[in-house]
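A structural walkthrough
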Amino acid sequence: MPKVIVYIAMSLDGYIADENGGVNWLHGDGSDIENIGSFLEFIETVDTVILGSTTYDQIVNELSPKEWAYKGKQTYVLTNKEYNSREEIIFTNQNIGMLIDNIKKKNNKNIWICGGANIISQFHNENLIDEYWITIIPIILGNGLRLFNAKNIAVNLKLLATRSYNGIVDLKYKKQ
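Right, let's walk through the structure included here. These numbers come from a predicted model, not from an experiment.

1. Concerning helix H3 (residues 96-106)
Owing to its 3.6 residues per turn, the α-helix aligns residues three or four sequence positions apart on the same side. Along H3, the residues that are buried comprise Ile96, Gly97, Leu99, Ile100 and Ile103. Projection of H3 onto a plane perpendicular to its axis shows the buried side chains occupying an angular sector of 160 degrees, all on one side. The exposed set on the far side of H3, more than 90 degrees from its buried face, consists of Lys105 and Lys106. Buried residues along H3 sit in contact with strand S1 (4-11), strand S3 (46-52), strand S4 (74-78), strand S6 (110-115) and helix H4 (117-125). Its side-chain oxygen 2.9 Å from the backbone nitrogen of Gly97, Asn95 forms the N-cap of H3.

2. Comments concerning the layout of surface pockets
The calculated volume of the largest pocket comes to roughly 1200 Å³. What lines the largest pocket is a set of 45 residues, and nearest its centre among them are Ile8, Leu26, Leu63, Tyr70 and Cys114. Among the elements of the structure, S1, strand S2 (15-17), helix H2 (53-63), S6, H4 and strand S7 (131-137) are those that each provide at least two residues to the lining of the largest pocket. When residues in the lining of the largest pocket are grouped by element, the largest group, six residues, is from H2. Classifying every residue of the lining of the largest pocket gives 23 nonpolar, 22 polar and no charged.

3. Describing the pattern of salt bridges
The full count for this structure, using the stated rule, is four salt bridges. A salt bridge links Asp57 to Lys81; the shortest N-O distance between them is 3.7 Å. Here Asp57 is found in helix H2, whereas its partner Lys81 is found in the loop between S4 and strand S5 (89-92), with 24 residues between them in sequence. With a shortest N-O distance of 4.0 Å, Asp130 and Lys104 are connected by a salt bridge. Here Lys104 lies in helix H3 and Asp130 lies in the loop between H4 and S7, a separation of 26 residues in the sequence.

4. Focus: the sheet that holds S6
Strand order in this open sheet of eight strands is S5-S4-S3-S6-S1-S7-S10-S9, and the pairing throughout is mixed. Looking along the sheet, the strands with just one partner apiece sit at the ends: S5 and strand S9 (157-165). Taking the axes of each pair of neighbouring strands and ignoring which way they run, one obtains an average angle of 20 degrees across the sheet. The sheet contact formed by S7 and strand S10 (residues 168-175) spans six bridges and is antiparallel. Residue pairing across strands places Tyr132 opposite Tyr173, the latter belonging to S10. Across the sheet, H2 touches S3, S4, S5 and S6, and the angle it forms with S3 is around 105 degrees. Its contacts with the sheet put H3 on S1, S3, S4 and S6, and the angle it makes with S4 is roughly 175 degrees.

Rules of the game
Within every chain, residues take consecutive numbers counted from 1 along the sequence as written. Local features in this predicted model are restricted to residues of pLDDT 70 or higher, and side-chain atom pairs are both shown and tallied only at a pLDDT of 80 or more, whereas totals for entire chains, interfaces and linings draw on every residue. Processing note: side-chain calculations cover all non-hydrogen atoms of the structure and skip hydrogens and water entirely. Remark: exposure states derive from per-residue accessible area (1.4 Å probe, protein chains only) relative to the maximum for the residue type, with buried under 20%, exposed over 50%, and partly exposed in between. Under the DSSP-based scheme used, a helix requires at least four consecutive residues in state H or I and a strand at least two consecutive residues in state E, with every element numbered from the N terminus. Directions are taken from the helix axis to each C-beta atom, and the arc is the one they span. Should any heavy atoms of two residues lie within 4.5 Å, those residues are considered in contact. Pairs of N or O atoms within 3.5 Å make up the polar contacts considered here, provided that, within protein, one atom can donate a hydrogen while the other can accept it, and that residues adjacent in sequence are counted only when both atoms are side-chain atoms. In this analysis, the protein atoms alone were mapped onto a 1 Å grid. Cavities are point sets where a 1.4 Å probe fits without being able to get out; pockets are open sets with protein on both sides within 12 Å along at least five of seven lines; lining residues have an atom within 4 Å of a point. Grid points are joined across faces, edges and corners, and a volume is the space filled by probe spheres set on the points. Polar here means any residue other than Ala, Val, Leu, Ile, Met, Phe, Trp, Tyr, Cys and Pro, which are nonpolar, and Asp, Glu, Lys and Arg, which are charged; Gly is therefore polar. Any carboxyl oxygen of Asp or Glu that lies within 4 Å of a side-chain nitrogen of Lys or Arg is treated as forming a salt bridge with it. Any two strands with at least two DSSP bridges between them are considered paired. For helices, the fitted line uses only the C-alpha atoms of the stretch in contact; every axis is such a line through C-alpha atoms, and the angle between N-to-C directions lies from 0 to 180 degrees.

Written out as structure tokens, the structure reads:
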């Protein structure tokens, strides 16, 4: 059965973007630049990506404007905005519980809740996330967009694995 996984990077003080929405601080400390981390390993376990329209806009306008970053993965963009869906990218405002149920019925690999914080909070608060893969970047931003907020429900987690490279620490938890 496919798992619903949050895989995201955050600063040591819990931010996923700076106060302007920027992510140019997503890098290690330079001590092990040859080690690319866990992303390539992770993305092979996924056949579906779910994200919000702000994250989608950032990807297509800033991070990967020339080609879709998640080519070969079915992508769902949760939004109330009007976009034109295409083969690999579906824009929807469907109930997230129903969306996950429908995806799990037809897919074999995991479902990645890519972001942003609002989308992750919705899935978290509906208790739909099976695993949390959090990458801690060696920076304290002091301000920005928090991954978790005071409105999130409490969820007990079990640590599955840790990995460190280039000053970065990957934490992999599953819901208990």
